[in-house]
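Chains, contacts and geometry: an overview
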Amino acid sequence: MIEFSKRMQWGQPGTGIPTFGTGALDFDRARRWFNETYGWSQEADLQPKIDKDARHLQQAPESNTHWAYHTEYRDFRIYANEPEVAWFQLKFTNES
């Protein structure tokens with residue numbers, strides 16, 4: 001799992017001045033990378049429902065088996081298999 005904070009971050013210690021984190025922007029960039037690299041995906045909690053509906057219609061599952069995302073928790077989350085996370089980390093190791 002890769003998490004991106006939704007919370008506001010505080011600036012220099014002792015200043016009391018809030019700064020906005022870039023969690024939403026970072027999450028969006030990561031999600032676009034996963035889309036381009038592994039194909040479109042769905043919210044994690046919808047994947048089982050989508051596949052169940054497809055089975056009901058006697059169709060193949062349509063959820064992405066490489067990754068999914070979630071936006072309802074405290075932090076934005078991307079869920080991916082271990083190899084996909086490793087490639088992501090290699091790609092974005094030195095970026096802030």
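As a reminder, the structure under discussion sits directly above these lines.
Here the structure is a predicted model, which means the values were calculated and not measured. (Residues numbered from 1 in each chain as written. Predicted model: local features only at pLDDT ≥ 70, side-chain atom pairs only at ≥ 80, totals over all residues. Heavy atoms only, no water.)

**Section: the sheet that holds strand 1 (residues 2–5)**
Across a sheet, paired strands are connected by hydrogen bonds in the backbone, their directions being either parallel or antiparallel. What counts is decided by this rule: DSSP calls a pair of strands paired once it identifies at least 2 bridges connecting them. Starting at the N terminus, helices and strands are each numbered in turn, a helix being any DSSP run of H or I of at least four residues and a strand any DSSP run of E of at least two. Under this scheme, a helix contributes an axis fitted over its contacting stretch, all axes are lines through C-alpha atoms, and angles between N-to-C directions fall in the 0 to 180 degree range. Every residue pair with non-hydrogen atoms within 4.5 Å of one another is taken to be in contact.
Spatially, 1-5-4 is the arrangement adopted by the 3 strands of the open sheet, whose pairing is antiparallel. Lying at the two open borders of the sheet, with one neighbouring strand each, are strand 1 and strand 4 (67–70). Averaged over all pairs of adjacent strands, the angle between their axes in this sheet comes to 15°, without regard to strand direction. In this structure, strand 1 lies alongside strand 5 (residues 75–80), joined through 4 bridges in antiparallel fashion. When the bridges of strand 5 are listed, Ser5 appears paired with Asp75. Contacts from helix 1 (residues 23–38) reach strand 1, strand 4 and strand 5, with the element oriented near 20° to strand 5.

**Details of the packing of aromatic side chains**
Selection criterion: Centre distance within 6.5 Å is the pairing criterion for rings of Phe, Tyr and Trp, where only the six-membered ring of Trp is used; planes under 30 degrees apart are then read as stacked, over 60 as edge-to-face, and the remainder as tilted. Categorising residues by exposure relies on relative accessible area from a 1.4 Å probe, with only protein chains included: less than 20% of the type maximum marks a residue as buried, more than 50% marks it as exposed, and the intermediate range marks it as partly exposed. We count a charge as sitting over a ring when the NZ of a lysine or the CZ of an arginine lies within 6 Å of the ring centre and within 35 degrees of the ring normal.
All told, the structure shown has 12 aromatic pairs when counted by the stated rule. Aromatic pair Phe27 and Phe76: ring centres 4.8 Å apart, planes at 15°, arrangement stacked. Remark: Phe76 occurs in strand 5 and Phe27 occurs in helix 1; sequence separation between them is 49 residues. For the residue pair Phe27 and Phe76, the accessibility class agrees, reading buried in each case. Looking at Lys6, its charged tip hangs above the ring of Phe76, at a distance of 4.8 Å from the centre. In this structure, Arg31 packs its charged tip against the face of Tyr69, placed 4.9 Å from the ring centre.

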